[in-house]
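Tertiary structure, described
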Amino acid sequence: MIDYVTERLPQILFAAWQHFSLVVQCLALATLIAVAIAALSYRSRSLTAAANAVSAVGLTIPSFALIGLLIAPFGFGVLPAVIVVTFFAALPILRNAVVGLAGIDRSLVEASRGIGMSRARTLLRVELPLAWPVILSGIRVSAQMVMGIAAVAAYSLGPGLGGFIFSGLSRLGGANALPSVVVGVVGVVVLALVLDLLLVGLGRLTTSRGIRA
């Protein structure tokens, strides 16, 4: 195992960076999409119910099956991986964003409107900052989930550590098959822990002290 890692260390580090970059970029894109949808729907009960239903039903779709379906129209490569990871990343964030925005005390919103803030400014300056801790918890859940889904995306020849996992499984019983799988799995776990620590730090930097208290 040590020899396998030593001989392929540059390749492993490059794949780990690709994996981490894919997850972070898709997570950022998913956050923008989910928060935008939540901001448009949280004031309406029917739209809120629809958003929650989409997030619940979407999580039941097997990621492997969705990747297989996307290969036909988009082919192999990065694009199917980005679509799948972004789709699954948006679902927990969407639910938390709706819950966070809907749970804000309406008197605070009315007070901000009373001092002359527009609806858009109230959303950006009052509602989103108050809902941010709830949204961030959704982002953390999403990050852990899609870190594994990004490995599955290697089936479509997407970037990341999933290539080591699928390569090892395809020749299970052969030379270096088990070390290849172990490197991929352990690497994904380590990246998930690193990303979660970074998100915890982001939460401390972006959440006001009053809200944390």
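As the structure is a computational prediction, the values presented were derived from the model and not from experiment.

Looking now at the overall build of the chain. Counting secondary structure elements, the chain contains ten helices and zero strands. Reading the helices (α) and strands (β) of the chain from amino to carboxyl end gives α-α-α-α-α-α-α-α-α-α. Principal-axis analysis of the C-alpha atoms gives the chain an extent of 70 × 40 × 20 Å. Counting all 213 residues of the chain, 44% fall into the buried class.

Volume-wise, the largest pocket comes out at about 150 Å³. In terms of lining residues, the largest pocket is bounded by I33, A34, I37, A50, A51, V54, T86, F87, A90, L91 and L94. Mapped by element, the contributors of at least two residues to the lining of the largest pocket are α2 (9-41), α3 (45-58) and α5 (78-102). It is α5 that contributes the most residues to the lining of the largest pocket, five residues altogether. For the lining of the largest pocket, the residue count by class is ten nonpolar, one polar and no charged.

Of all hydrophobic cores here, the largest spans 56 residues; its most connected members are L27, L101, I135 and L195. Every element with two or more residues in this core is listed here: α2, α4 (63-74), α5, α7 (119-152), α8 (162-170) and α9 (177-206). The leading source of residues in this core is α2, at 13 residues. Residues contacting L195, with those up to four places away along its chain left out, are F20, V23, V24, L27, A143 and M147.

Here the focus is the environment of A34. Take A34: it is sitting in helix α2. Residue classification places A34 among the buried positions, given a relative accessible area of 1%. For the pair A34 and A89, spaced 55 residues apart in sequence, the C-alpha separation works out to 9.0 Å. Each residue touching A34, except ones within four places of it in the same chain, is listed here: A90, I93 and L94.

Turning our eyes to something else, we now look at the confidence of the model for the chain. Residues with a pLDDT of 70 or more make up 99% of the chain, whose mean pLDDT is 88. Per-element averaging of pLDDT across the chain places helix α10 (residues 209-212) at the bottom with 68 and α2 at the top with 93.

Okay, the packing of α5 against α7 next. It is at 7 Å that the axes of α5 and α7 come closest, and there the two elements cross at 145 degrees. Crossing handedness for the pair α5 and α7: right-handed. A breakdown of the residues in the contact of α5 with α7 according to their chemical character gives 19 nonpolar, five polar and one charged.

This part takes up the side chain of T207. One can find T207 in the loop between α9 and α10. T207 gets classed as buried once you look at its relative accessible area, which sits at 10%. Polar side-chain contacts of T207 include one of 2.8 Å to the backbone oxygen of G203.

A separate point is a nonpolar patch on the surface. On the surface, M1, L178, V182, V186, V190, V194 and L198 cluster together into a nonpolar patch covering about 590 Å² of accessible area. Along the chain, L198 turns up in helix α9.

All told, the structure shown has four salt bridges when counted by the stated rule. With a shortest N-O distance of 3.7 Å, R106 and E127 are connected by a salt bridge. Of this pair, R106 sits in helix α6 (residues 106-114) while E127 sits in helix α7, and the two are 21 residues apart along the sequence. The exposure class of E127 is buried, given its relative accessible area of 0%. Salt bridges sharing partners connect three or more residues here, namely R43, R106 and E127.

About the criteria used
Residues numbered from 1 in each chain as written. Predicted model: local features only at pLDDT ≥ 70, side-chain atom pairs only at ≥ 80, totals over all residues. Heavy atoms only, no water. Helix = DSSP H or I, 4+ residues; strand = E, 2+ residues; numbered from the N terminus. Buried < 20%, exposed > 50% of the residue type's maximum accessible area, 1.4 Å probe, protein only. 1 Å grid on protein atoms, 1.4 Å probe; cavity = no way out; pocket = protein on both sides within 12 Å on 5 of 7 lines; lining within 4 Å. Points joined across faces, edges and corners; volume = space filled by probe spheres on them. Nonpolar A, V, L, I, M, F, W, Y, C, P; charged D, E, K, R; others polar. Core = buried A, V, L, I, M, F, W, Y, C linked by side-chain atoms within 4.5 Å. Contact = heavy atoms within 4.5 Å. pLDDT = per-residue confidence, 0-100. Axes fitted to C-alpha atoms, helices over the stretch in contact; angles between N-to-C directions. Left-handed = near helix turned anticlockwise from the far one by under 90°. Polar contact = N/O pair within 3.5 Å; in protein donor to acceptor, adjacent residues only side chain to side chain. Patch = residues over 30% accessible without salt bridge, like charges linked within 9 Å, V, L, I, M, F, W, Y side chains within 5 Å. Areas by Shrake-Rupley, 256 points an atom, 1.4 Å probe, with all protein chains shown as cover. Salt bridge = Lys/Arg side-chain N within 4 Å of Asp/Glu carboxyl O.

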